[in-house]
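Structural characterization, general
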Amino acid sequence: MSGQPIRFCSESMNAPAKVTGYQHAHTALCDRRLVQSMYGECDVLMERVLLTLHGEPHACRRAIEWKLFRRDFARYYEREVYPVTLAQTLAAYLDQGRLDLPEFGFRVNINLSADIAGIDRPEGSESETDALVAFTRKFSEGATLFHSTREKEVVRQEVADALAQFNTRFLTPSKRRREAILEKVARGMQSEDQAPRDILTVLLANRDDQDLNDDMILREVAFFMQAGAHSSANALTHAFHELEQWSEAHPEDRIRLKTDDRFLQRCVHESLRLHPASPVAWREASESFSLPDGTPVAAGDSVLIDLMSANLETSLFGQDAASFNPNREVANRIPTFGLTFGIGIHTCFGRDIAGGLGNAKDSDEAPHLGTLTNLLKSLLQHDARPDPARPPVADTATERPNWGSYPLLVGAPQSVQSTGLTR
Ligand code: HEM
């Protein structure tokens, strides 16, 4: 696809055993003998957070946190909370008539992240959101340090500083409020369902059972802050770019993109398939055994799971699997977004929230679209279009093929001619 960010190759690792193709990648992601190994570069943030735990400790942490993500939560969030957040965030940009898409996506989702993580925003001010965005961006840089092109020690120090400031300004007051509520619950002065429904409350309520100290709680909450905003902001930008290109080639679909929610969701899933948050997942073998294709590995060997090859498998997604085609037929029981949200042990908590439920086909029910489709829908309704004066640029701070900046004009086109969706 033209205009895509350049994909770099990581050259820093010894040659790992490689798992390719959908079924093999699926099996490997579900195999308990393969231990998460992509996040050890930034222990200051990622040590023993959900994504890096393994075995029993992972299962225990996941069990208490997963309760927050029941399907009713995704629906509730989409119907009740997200429209307000989205409208409020977009309003400021509509006044300016322009926005930068990765930055906008991050900013909208920071509220989702904070609600899930359990971070209060008592001021509700722009400057408070600015601070939260800046901290969370730094946590994202730490979480993806494996693929960073920056000096890693410098990034680690920046992440440590951001964590300390975030702790003082946001986590400590949020924690005090929740501890006071949990105290009242324990004394029978308040019922349990009046306590906030978020990760911080869950961690505080289980801190003894799960052996959680203050540093661990800080890392887990900061990890959730970035998990809720980072991948979604990148996915939003990729999806917009794909829609632009599709509309250029299929002008007959321009109106449909604005009026047919299921089609728009199908486009989002197709873009997610082509642009997984990370094209690869890394694991380490905990014992000697054979990978799904028969390759033997010994304890301590690195294993690279090629998610991109899984998502491009022609036997499941068709001969044109490498190109964007929202009308494609996908093999039965295969998610239209492939393995982009992972599968098995570390399956993404945010899959239904970000991607929506189901494949949006063969049903008369109002679709649960997910935050990405809702965001795009809203942008299209406001005639979002690339800014002809400022072309998009790739993010050079990471080896991941993401956009660093993607300037858009929003609101009624004036003297500037649209190049894409609004024509
Ligand atoms: C387009 C958006 C998103 C994408 C593509 C995405 C992708 C992924 C992937 C691939 C994994 C598994 C990593 C692995 O196996 O190594 C994962 C895990 C995770 N994701 Fe997401 N994610 C997205 C949005 C979200 C959101 C909105 C949340 C909300 C909090 C979230 C929370 C998590 C958590 C907590 C895990 C760790 C699960 C575990 O280790 O058990 N993600 N995500």
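Read on for a plain summary of the structure. Each chain has its residues counted from 1, following the order in which its sequence is written. Where local features are concerned, this predicted model is filtered to residues with pLDDT of at least 70; where side-chain atom pairs are given and counted, the filter is 80 or more; whole-chain, interface and lining totals use all residues. Values reported for side chains reflect all heavy atoms of the structure, with hydrogen atoms and water molecules removed beforehand.

When helices and strands are counted, the protein chain shows 15 helices and eleven strands. Here the radius of gyration uses the C-alpha set of atoms, whereas the globule reference equals 2.2 Å times the residue count to the power 0.38. Here the protein chain has a C-alpha radius of gyration of 21 Å; the compact-globule value for 423 residues is 22 Å, and the two agree. Seen along its three principal axes, the alpha-carbon backbone of the protein chain occupies a region of about 60 × 55 × 50 Å. The cut-offs for exposure are 20% and 50% of the maximum accessible area for each residue type, with area from a 1.4 Å probe on protein chains only; residues under the lower value are buried, those over the upper are exposed, and the others partly exposed. Put simply, the protein chain has 423 residues, and 53% of those count as buried. Two residues form a contact once any of their heavy atoms are found within 4.5 Å. Of the contacts made within the protein chain by residues no fewer than 6 positions apart, 73% connect residues no fewer than 24 positions apart. The helix and strand labels rest on DSSP assignments: H or I over at least four residues marks a helix, E over at least two residues marks a strand, and numbering proceeds from the N terminus.

Quick look at the coordination of the iron atom of the ligand now. The rule for donors is simple: an N, O or S atom within 2.8 Å of the metal counts, and for Na, K and Ca the reach is 3.2 Å. Water is not among the atoms, so a site may look short of donors. Looking at the iron atom of the ligand, one finds just one donor atom contributed by the protein, Cys348 (SG), at 2.2 Å. One can find Cys348 in the loop between α13 (314-317) and α14 (351-355).

A few words on the pattern of salt bridges. Salt bridge criterion: a side-chain nitrogen from Lys or Arg within 4 Å of a carboxyl oxygen from Asp or Glu. Under the defined criterion, the tally for this structure stands at 29 salt bridges. The partner of Glu270 in a salt bridge is Arg328, and the shortest N-O contact between them spans 2.8 Å. One end of the pair, Glu270, is in helix α11 (residues 261-274); the other, Arg328, is in the loop between α13 and α14, and 58 residues separate them in sequence. Overall, the relative accessible area of 0% leaves Glu270 in the buried class. Overall, Arg328 belongs to the buried group, its relative accessible area being 6%. Between Asp352 and Arg351 there is a salt bridge, with its nearest N and O atoms 3.3 Å apart. Exposure remark for Asp352: the relative accessible area of 13% places this residue in the buried category. Residues joined in a network through salt bridges with shared partners are Glu41, Lys152, Glu153 and Arg156.

This part is about the sheet that holds strand β8 (residues 385-386). Backbone-to-backbone hydrogen bonds pair the strands of a sheet. The strands run either parallel or antiparallel. Between any two strands, at least two bridges found by DSSP are needed for them to pair. Spatial strand order, β3-β11-β8: three strands in an open sheet with antiparallel pairing. Where the open sheet ends on each side, the last strands, each with one partner, are β3 (98-100) and β8. With three bridges joining them, β3 and strand β11 (residues 407-409) adopt antiparallel strand pairing. Bridge pairing links Asp100 to Pro407 in β11. Here an angle of 0 to 180 degrees is reported between the N-to-C directions of two axes, which are lines fitted to C-alpha atoms, with helices fitted over the stretch in contact. Relative to β3, helix α5 (residues 101-117) is tilted by about 80°, and along the sheet it contacts β3 and β11.

Okay, α5 next. With 17 residues, α5 should cover 24 Å at 1.5 Å per step; its first-to-last C-alpha distance of 24 Å lies within 8% of that length. Bend, at a single residue, is the angle you get between axes fitted to the 7 residues ending at that residue and the 7 residues starting at it. Residue Asn109 marks the point of greatest curvature in α5, where the axis turns by about 30°. Among the 17 residues that make up α5, 15 are buried, leaving the element largely enclosed by the rest of the structure. Positive phi shows up at Gly118, right after α5, with a value of about 100°. Take the number of residues in a helix, subtract one, and multiply by 1.5 Å to get its expected span.

On to the site of the ligand. Close contacts around the ligand come from 26 residues, with His58, Arg62, Arg283, His346 and Cys348 the closest. A distance of 2.6 Å is found between an oxygen atom of the ligand and a side-chain nitrogen or oxygen belonging to Arg62. Of all the secondary structure elements, the ones that give two or more residues to the shell around the ligand are α3 (55-66) and α9 (214-249). Counting residues per element, the shell around the ligand draws most heavily on α9, which supplies seven residues. Here the shell around the ligand is composed, by residue class, of 14 nonpolar, ten polar and two charged. Residues are labelled near a given molecule or strand when at least one of their non-hydrogen atoms is within 4 Å of it. Throughout this description, a polar contact denotes any pair of N or O atoms lying within 3.5 Å of each other; where both atoms belong to protein, one of them has to be capable of donating a hydrogen while the other can accept it, and for residues adjacent in sequence the pair is counted only when both atoms sit in side chains. Residue polarity is assigned by list, with Asp, Glu, Lys and Arg as charged and Ala, Val, Leu, Ile, Met, Phe, Trp, Tyr, Cys and Pro as nonpolar; anything else, Gly included, falls into the polar class.

Pairing of aromatic side chains requires ring centres within 6.5 Å, counting the rings of Phe and Tyr and the six-membered ring of Trp. Pairs whose planes differ by under 30 degrees are stacked, by over 60 edge-to-face, and all others tilted. Scanning the model with the defined rule gives 20 aromatic pairs in all. Taken together, a centroid distance of 5.5 Å and an interplanar angle of 75° make the contact between Phe223 and Phe224 edge-to-face. Taken as a pair, Phe223 and Phe224 share a single burial class, namely buried. Put simply, the rings of Trp66, Phe69, Phe73, Tyr77, Tyr82, Phe223, Phe224 and Phe349 touch in pairs and so form one group of aromatic residues.

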